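Spelled out from the first residue to the last, the chains are:
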Amino acid sequence: MDRRQFVINSAVGLAGLTILPSGLLFAKNADKVRLGYIGVGLRGRNHIGEGLLRDDVEIVAICDIQESSLKACREQFVKAKKKLPVEYTGGLDAYKKLLDRKDIDGVIIATPWQFHKDQSIDAMRAGKYVGCEVIAGITEKDHWDILKVHEETKMPYMTLENVCYRRDVMAALNMSRQKLFGELVHLEGGYQHDLRGVLFNDGKSAYGKGVEFGPNAVSEAQWRTQWNIDRDGDIYPTHGAGPVMNYIDINRGNRFTNLVAFSSKSRGLNSYIEKLSPGNKNAKINFKNGDVTTTTLNCANGETVTLSHDTHLPRPYSLGFRVQGTEGIWMDVADGIYIEGKSAKYDQWDKASTWFEKYDHPLWQKFEKFAEGAGHGGMDWFVFNAFVQSIKQRKDTPIDIYDSLTMSVITPLSEKSLADGNAPQAFPDFTKGKWKERKNTFALDDSGF
Ligand SMILES: NC(=O)c1ccc[n+]([C@@H]2O[C@H](COP(=O)([O-])OP(=O)(O)OC[C@H]3O[C@@H](n4cnc5c(N)ncnc54)[C@H](O)[C@@H]3O)[C@@H](O)[C@H]2O)c1
């Protein structure tokens, strides 16, 4: 079997299906999912690539405000010998025309963060499944507004948090569920990635050599850098928070109760620009976003979680996962696992792979072939598949509205904590008490992950 031939043959019992409103029964053929894309920049086109490989996905329409992105996207269709999608462009509201189409089941939103709230709200109101690239809204109120529309429309909303499906992250989840780490006590994760070459990218200089951002730059340097100027907080919490939430059943028997954030001084971006282009005006910018922002959260069941946002300094990539319990620990950065009484030597790390090979998650064993070659080591196939399968089965998404809002609202809460002199912030309960009864079903079977 290759990825193109893939049609999941899961036996989905009716008991597993969430009853959704009749508006969802519009699809003529549930074997095929019709998607629209809002934003076909670098990330949107990754998801286009995933869709083009599948026979159960038809990409009906795309929307973007830049011809360069549309052109690159068009080329993907030509290369894949697939029918070109209808294009919507011409302004910030062009996506509304795409949403007017009755032949679209779900939309993938991969635009700059400031557009996500309105685009996802309008998409739910138009009766579409929403798959949104990792930031739901900007303010805490935005998150409540999104929830309100979800409650009105009952349309599923999924943050496309791919790291939840990373192979080692899922192997550690498998180990944790088999109690290898004992009772979990403390967890860590984050976004620790030298983004200087992304935040300053004029499209002409070699990667990591540009010093420009804004309208004359390319991709994320056009818009993301401005957030580093304007906001102090953990502005990208979901890659760390998503996996951690699965380990400790957040919104499913547990919840975050409060958080507190600290932020270092901001020097990395200024120093980077000054080194490359002495005297450049951009080296004088006052970047509000501290170089390392550390957020610690408390949980109802007594665990602590620490998230790190660290994107302005020279450093090798590591999301810094740590899963620690009464029997042992995994530390991503140490590439090590230690399980008391089971590790080879007392007080010494085993190489993480020796455990992860043994406890590879069953879904990775089963679907490895399909994930091969997909973005970010294969996890992009998993997250895209999860979204598509949920639509096909007309059920809620595995990362649902509550999970999505929870991992994203960490940004405005961390900002508030910093603005209030590191004051603790109460964590909102988007489930309105339902977290006590909800069950953690993430990646427990192959019916939609
Ligand atoms: N999960 C991951 O691993 C991952 C990786 C990269 C980016 N992302 C996320 O994906 C999103 C997009 O990032 P990117 O790297 O593709 O950025 P990008 O700048 O390359 O692409 C954004 C695209 O959105 C378009 N756009 C802007 N406003 C629009 C509007 N109102 N309507 C329609 N199109 C509009 C732009 O023209 C551009 O083509 C962001 O939320 C980012 O954080 C996630």
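Further up the page is the structure itself.
On a predicted model such as this, the values are computed, not experimentally measured, just so you know.

What counts and how
- Sequence order as written defines the numbering, with residues in each chain counted from 1.
- Given that the model is predicted, a residue must reach a pLDDT of at least 70 before its local features are reported, and side-chain atom pairs must reach 80 or more before they are shown or counted; all residues, however, enter totals for whole chains, interfaces and linings.
- To get the side-chain values, all heavy atoms of the structure are used, and hydrogens and water are removed first.
- Numbering of helices and strands starts at the N terminus; helices are DSSP runs of H or I of at least 4 residues and strands are runs of E of at least 2.
- Radius of gyration means the value over C-alpha atoms here, while the globule rule gives 2.2 Å times the residue count to the 0.38 power.
- Buried residues are those whose accessible area, probed at 1.4 Å on protein chains only, stays under 20% of the maximum for their type, while exposed residues exceed 50% and partly exposed ones sit between those limits.
- Distances are taken per atom, and a residue is near a molecule or strand as soon as one of its heavy atoms is within 4 Å of it.
- The definition of a polar contact used here is a pair of N or O atoms within 3.5 Å, where within protein one atom must be able to donate a hydrogen and the other to accept one, and adjacent residues in sequence count solely through side-chain atom pairs.
- Using a 1.4 Å probe, accessible areas were evaluated by the Shrake-Rupley method; residue-level cover was limited to the displayed protein chains.
- Of the two site types, the cavity is a set of points on a 1 Å grid over the protein atoms alone where a 1.4 Å probe fits but cannot get out, and the pocket is an open set with protein on both sides within 12 Å along at least five of seven lines, each lined by residues with an atom within 4 Å of a point.
- Grid points are joined across faces, edges and corners, and a volume is the space filled by probe spheres set on the points.
- The residue classification treats Ala, Val, Leu, Ile, Met, Phe, Trp, Tyr, Cys and Pro as nonpolar and Asp, Glu, Lys and Arg as charged. All others, Gly included, are polar.
- Geometry is summarised by axes, namely lines fitted to C-alpha atoms with helices restricted to the contacting stretch, and by angles between N-to-C directions that run from 0 to 180 degrees.
- Relative orientations are named as follows: roughly parallel for angles under 35 degrees, roughly antiparallel for angles over 145 degrees, roughly perpendicular for angles from 65 to 115 degrees, and oblique for any other angle.
- With the far helix as reference, a near helix turned anticlockwise by less than a right angle produces a left-handed crossing, and one turned clockwise produces a right-handed crossing.
- Two residues form a contact once any of their heavy atoms are found within 4.5 Å.

*Asks:* An account of the overall build of the chain is needed here, citing residue identities and associated values.
*Replies:* When its secondary structure is counted, the chain shows 15 helices and 15 strands. Taking 449 residues into account, the globule formula puts the C-alpha radius of gyration at 22 Å, and the chain, at 22 Å, falls close to it. Its C-alpha atoms give the chain principal-axis dimensions of about 60 × 60 × 40 Å. Here the chain, with 449 residues, has 59% of them falling under the buried criterion.

*Asks:* Which residues make up the site of the ligand, and what values do they have?
*Replies:* Taken together, 25 residues surround the ligand, and among them Arg-43, Asp-64, Ser-69, Ser-219 and Trp-223 come closest. Between Gly-41 and the ligand, the recorded distance is 3.5 Å, taken from a backbone N or O atom to an oxygen atom. Here an oxygen atom of the ligand sits 2.7 Å away from a polar atom, N or O, in the main chain of Arg-43. Burial of the ligand by the protein chains amounts to 94% of its free accessible area of 840 Å².

*Asks:* Residues and numbers for empty space enclosed by the protein, please.
*Replies:* Here the idea is plain: a probe the size of a water molecule rolls over the atoms and shows the empty space left. Enumeration according to the criterion identifies two cavities of 30 Å³ or more in this entry. Space inside the largest cavity adds up to approximately 70 Å³. Every residue along the wall of the largest cavity is listed here: Cys-164, Gly-242, Met-245, Asn-246, Ile-250, Arg-252, Pro-398, Ile-399, Asp-403, Met-407, Asn-440 and Phe-442. Looking at the lining of the largest cavity, the elements with two or more residues in it are helix H9 (238–247) and helix H14 (401–408). The element contributing the most residues to the lining of the largest cavity is H9, with three residues. Estimates place the volume of the second largest cavity at around 40 Å³. The wall of the second largest cavity is formed by Asn-251, Arg-255, Phe-256, Thr-406, Phe-427, Pro-428, Asp-429, Phe-430 and Thr-431. The residue inventory of the lining of the second largest cavity, partitioned by class, reads four nonpolar, three polar and two charged.

*Asks:* Outline the packing of helix H1 (residues 42–52) against helix H2 (residues 67–80), listing residues and values.
*Replies:* Put simply, H1 and H2 touch, their axes get as near as 11 Å, and they point 20° apart. By the angle between their axes, H1 is roughly parallel relative to H2. Crossing hand, H1 versus H2: right-handed. Here H1 contributes Arg-45, Ile-48, Gly-49 and Leu-52 to the contact with H2, which in turn contributes Ser-69, Ala-72, Cys-73, Gln-76, Phe-77 and Ala-80. A per-class count over the contact of H1 with H2 returns six nonpolar, three polar and one charged.

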